[in-house]
Amino acid sequence: MADERQTEAEPAIELVGLRRVYGERAALEGVSLETPVGSSLVVLGPNGAGKTTLLRILATLLRPTEGEVRVLGCKLPDEAWKLRGKIGYLGHEPLLYRDLSGRENLRFHARLHGITGAAAEARIEELLEAVKLAHRGDERTYEFSAGMRQRLAICRCVLHEPELLLLDEPDSNLDIEGREIARTLLGPGLGHTRVVVTHDPERHLPDADQVLRLEVDEPAAVS
């Protein structure tokens with residue numbers, strides 16, 4: 001069977017004239033870029049410039065209004081169904097069920113990706129140990145602090161070992177220890193492609209292979 005993973009000869013992300021409109025307002029206008037496999041793209045810009053909108057389009061959660069979007073060889077939105085299992089998305093909300101425990105949340109997510117049985121349990125314990133939540137893993141997540149929920153959301157994001165990480169302010173609610181833990185699971189050099197939206201360029205720019213600057217009502221600038 002042919003390997004369905006993205007080849008290094010193709011860009012991980014290819015955007016041509018991407019535009020997204022809400023009513024009469026353009027959230028994204030004329031975004032074009034190619035991001036190589038395994039690289040880190042850092043997205044900067046003020047509030048309202050379309051950073052989160054861009055991530056949501058790449059995550060197949062929003063449709064573009066105009067332009068061409070290809071992610072890991074899949075044309076969006078037509079081939080979104082092929083892509084979803086290859087993406088790890090960490091948004092503003094942790095996307096956890098508050099009445100379930102940490103372990104139960106991760107088991108649910110594992111089943112969505114066809115990971116079951118001993119393999120699922122081993123992966124869940126590995127991640128809970130990595131984020132130092134193994135001793136709290138049977139507590140319901142509504143009892144967690146915001147920082148603990150963010151650590152668990154990071155586990156959810158990487159549990160299925162995605163090829164592409166889409167990270168919206170990944171350091172949100174994390175203390176210094178949490179940020180270092182996050183880096184071990186989300187950081188560069190682990191083989192995946194990363195798109196990182198941040199208001200903290202000092203922290204994330206050193207890891208950037210490519211920078212996309214979005215401005216309100218102006219074309220994007222890629223460097």
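Our subject is the structure listed above.
All values reported here derive from a predicted model rather than from experimental measurement. (Residues numbered from 1 in each chain as written. Predicted model: local features only at pLDDT ≥ 70, side-chain atom pairs only at ≥ 80, totals over all residues. Heavy atoms only, no water.)

Draft legend 1. Representation of the packing of helix 3 (residues 102–112) against helix 4 (residues 117–130). Packing of helix 3 against helix 4 leaves a shortest axis separation of 10 Å and a crossing angle of 130°. Judged by the angle between their axes, helix 3 and helix 4 are oblique. The element helix 3 and its partner helix 4 pack so that their crossing is right-handed. On helix 4, the residues that touch Arg 103, Leu 106, Arg 107 and Ala 110 of helix 3 are Ala 120, Glu 121, Ile 124, Glu 125 and Leu 128. Classifying every residue of the contact of helix 3 with helix 4 by side-chain character gives five nonpolar, no polar and four charged. (Axes fitted to C-alpha atoms, helices over the stretch in contact; angles between N-to-C directions. Helix = DSSP H or I, 4+ residues; strand = E, 2+ residues; numbered from the N terminus. Parallel < 35°, antiparallel > 145°, perpendicular 65-115°, else oblique. Left-handed = near helix turned anticlockwise from the far one by under 90°. Contact = heavy atoms within 4.5 Å. Nonpolar A, V, L, I, M, F, W, Y, C, P; charged D, E, K, R; others polar.)

Draft legend 2. Broad picture of the pattern of salt bridges. A complete count under the given rule lists 14 salt bridges for this structure. Ionic pairing is found between Glu 29 and Arg 19, a salt bridge with its closest N-O pair at 2.8 Å. One end of the pair, Glu 29, is in strand 2 (residues 25–36); the other, Arg 19, is in strand 1 (residues 11–22), with 10 residues separating them in the sequence. Put simply, Glu 66 and Arg 19 hold a salt bridge, and the shortest N to O gap is 3.5 Å. With Glu 66 in strand 4 (residues 66–71) and Arg 19 in strand 1, the pair connects residues that are 47 residues apart, well separated along the chain. A residue is classified by how much of its surface remains accessible, and Glu 66, at 43% relative accessible area, is partly exposed. Beyond isolated ion pairs, a larger network of salt bridges with shared partners links Lys 132, Arg 151, Asp 175 and Glu 177. (Salt bridge = Lys/Arg side-chain N within 4 Å of Asp/Glu carboxyl O. Buried < 20%, exposed > 50% of the residue type's maximum accessible area, 1.4 Å probe, protein only.)

Draft legend 3. Region of interest: the sheet that holds strand 1. Strand order in this open sheet of four strands is 2-1-4-5, and the pairing throughout is antiparallel. Because the sheet does not close on itself, it has two edges, and the strands there are strand 2 and strand 5 (74–76). Strand-to-strand twist of the sheet, defined as the mean angle between neighbouring strand axes without regard to direction, takes the value 20°. Summarising the sheet, strand 1 and strand 4 pair through five bridges and their orientation is antiparallel. Each residue of the ladder has a partner; that of Ile 13, found in strand 4, is Val 71. (Pairing = 2+ DSSP bridges.)

Draft legend 4. Expanded view of the pairing of strand 3 (residues 40–44). Burial within strand 3 is extensive, with five of its five residues counted as buried. Here strand 3 shows no split at all, with Ser 40, Val 42 and Leu 44 on one side and Leu 41 and Val 43 on the other all buried. Of the strand pairs in this sheet, strand 3 and strand 8 (residues 193–197) are connected by four bridges, and their pairing is parallel. Along strand 8, the bridge assignment pairs Val 43 with Val 197. In the sheet, strand 3 pairs with strand 9 (residues 210–215) via four bridges, with the strands oriented parallel.

Draft legend 5. Main features of the packing of helix 5 (residues 146–158) against helix 6 (residues 176–186). It is the contact of helix 5 with helix 6, at a shortest axis distance of 11 Å, that shows an interaxial angle of 0°. Judged on the interaxial angle alone, helix 6 and helix 5 are roughly parallel. For the pair helix 5 and helix 6, contact is made by Arg 151, Ile 154, Cys 157 and Val 158 and by Glu 177, Gly 178, Ile 181, Ala 182, Leu 185 and Leu 186, respectively. Across the contact of helix 5 with helix 6, the residue classes tally to seven nonpolar, one polar and two charged.

Draft legend 6. Looking closely at helix 1 (residues 51–58). Of all eight residues in helix 1, six are buried; the element is thus mostly enclosed. Here helix 1 has its buried residues at Lys 51, Thr 53, Leu 54, Leu 55, Ile 57 and Leu 58. Phi turns positive, to about 70°, at Thr 60, one or two residues after helix 1.

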